[in-house]
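The residues making up each chain are set out below.
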Amino acid sequence: MLKQTPFTDTHIALGAKMADFAGFNMPIQYPTGINQEHTIVRNGVGVFDVSHMGEFWVKGERALDFLQYITTNDVSKLEAGKAQYTCMPNGKGGIVDDLIIYKYSTTKYLMVVNAGNIDKDWAWVNEHNTFGVNLENASDRYAQLAVQGPKATELLQLLTDADLSAIPYYSFREWSFAGVQGVILSNTGYTGAGGFELYFPKEHAQQIWDALFEVGKPFGLAPIGLGARDSLRLEKWYCLYGHDIDDTTSPLEAGLGWITKFDAKDFIDKDFLLRQKAEGVQRKLVHFEMQERAIPRNGYEICDAEGNVIGNVTSGIMLPTTKVGIGMGYVKTAFAKKETAIYIKIREKLQAAKIV
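Residues numbered from 1 in each chain as written. Predicted model: local features only at pLDDT ≥ 70, side-chain atom pairs only at ≥ 80, totals over all residues. Heavy atoms only, no water.

> What exactly am I supposed to notice about the pairing of strand S17 (residues 325–332) here?
Regular strands have side chains that alternate between both faces of the sheet. Of all the eight residues making up S17, seven are buried; the element is thus mostly covered by neighbouring parts of the structure. Of the pairings in the sheet, the one linking strand S14 (residues 283–290) to S17 comprises seven bridges and is antiparallel in character. Each residue of the ladder has a partner; that of Glu289, found in S17, is Ile326. Bridge count for strand S16 (residues 309–318) against S17 is seven bridges, and the pairing is antiparallel. Residue pairing in the sheet places Asn312 in a bridge with Tyr330 of S17. (Buried < 20%, exposed > 50% of the residue type's maximum accessible area, 1.4 Å probe, protein only. Helix = DSSP H or I, 4+ residues; strand = E, 2+ residues; numbered from the N terminus. Pairing = 2+ DSSP bridges.)

Listed below in structure tokens is the structure:
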């Protein structure tokens, strides 16, 4: 049985195409179609049901020590009300998950993890809790909506007296929203279009959904599926766990050296990653654009001009906005420089692309 979010029946009633995503029955697209939904978010405002994401509370006197040990970024730099993108190394040079950490106080943090990794992450944090912190898996208690697009803040402001313009990027407030107390208003998102992510108890889900669409009518607010979420994040070059990063990819290979803070602390895999940094990685995650009209797909081989395999595609689409095929993939380091000509093997034919 697929898991349901509080909005599943609403998606079905709206005619959404539903599918299994991370064990949840999720909307892939609505009758408007992925291309139109992508454009709505880029130019206006759309709302995504992301209630499948996981939420772990971390509380206790050594909460910071625990988070410093299990993640690569420097959590000590966080101030209360700030959020941080980071990842958890797996002890073998790979990545357990990428996630966001929210700081409430020196003894209270929230970890937001990927839906497909909730059980794995929960087992991992408990296995490595040698710090005596109190861990709570609150994933089943929360719903989450991402309201994204250039008109998102103006729309959301109509439903709260919190000054959203005073909440900087990767910051949050817990405030009253649409008549519901204690909603987490987070200036984050996975689209590159701006906006907020809202976290709230599941019992208030319909109230918040209805309020959003009532005030959202003049803004052209539309529900957006996971198909456009994928095209939007790929247009912005955001990694997707299970595709562009996973248990076999290191943060340094994936271009996540900027969230790997060697000088700040000790953490899982620090010595391995230091050696990898000193010796240099053998492959790198790159972004590329097709030079011919073709769509790169996950798993396609990446080749040099002679047809030698130099890597593989991890994500790819035809961009709704430009009608250009773009993708991400791992290639041998020698081919990772910008403007390098590469070729994607599509149905036994080499299609030209370049690193961008």
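> Help me understand the environment of Ala294, please; the structure alone is not making it clear to me.
With respect to the helices and strands, Ala294 occurs in the loop between S14 and strand S15 (301–303). Here Ala294 falls in the buried class, since its relative accessible area comes to 8%. Distance from Ala294 to Lys323, taken between C-alpha atoms, is 9.6 Å for residues 29 residues apart in sequence. The contacts of Ala294, once residues within four sequence positions are left out, are Met318, Gly325, Ile346 and Gln351. (Contact = heavy atoms within 4.5 Å.)

> Could you clarify how one ought to interpret the sheet that holds strand S6 (residues 95–105) in this entry?
Sheet strands line up and pair through hydrogen bonds in the backbone, either parallel or antiparallel. Reading across the sheet, the five strands line up as S5-S6-S7-S4-S8 and stay open at both edges, with antiparallel pairing between neighbours. At either end of the open sheet lies a strand with only one pairing partner, and these are strand S5 (83–89) and strand S8 (134–137). This sheet shows a mean twist of 25° between the axes of neighbouring strands, independent of strand direction. In terms of strand pairing, S6 meets strand S7 (residues 108–113) through five bridges, oriented antiparallel. Among the inter-strand pairings, Ile101 is bridged to a residue of S7, identified as Met111. Helix H3 (residues 63–70) rests against strand S4 (54–59), S5, S6, S7 and S8 of the sheet, and its axis sits at about 30° to S7. Docked against the sheet, helix H4 (residues 118–127) engages S4, S5, S6, S7 and S8, running at close to 170° with respect to S8. (Axes fitted to C-alpha atoms, helices over the stretch in contact; angles between N-to-C directions.)

> Can you walk me through helix H8 (residues 270–279) in this structure?
It helps to recall that an α-helix has 3.6 residues per turn; residues three or four apart then point in one direction. All of the buried residues in H8 are Lys270, Leu273 and Gln276. The buried residues of H8 all sit within an arc of 125° when viewed along its axis, so they share a single face. Away from its buried face by more than 90 degrees, H8 exposes Asp271, Ala278 and Glu279. One or two steps after H8, the chain reaches Gly280, where phi turns positive at roughly 90°. (Arc of directions from axis to C-beta.)

Shape is all these values report; function is a separate question.
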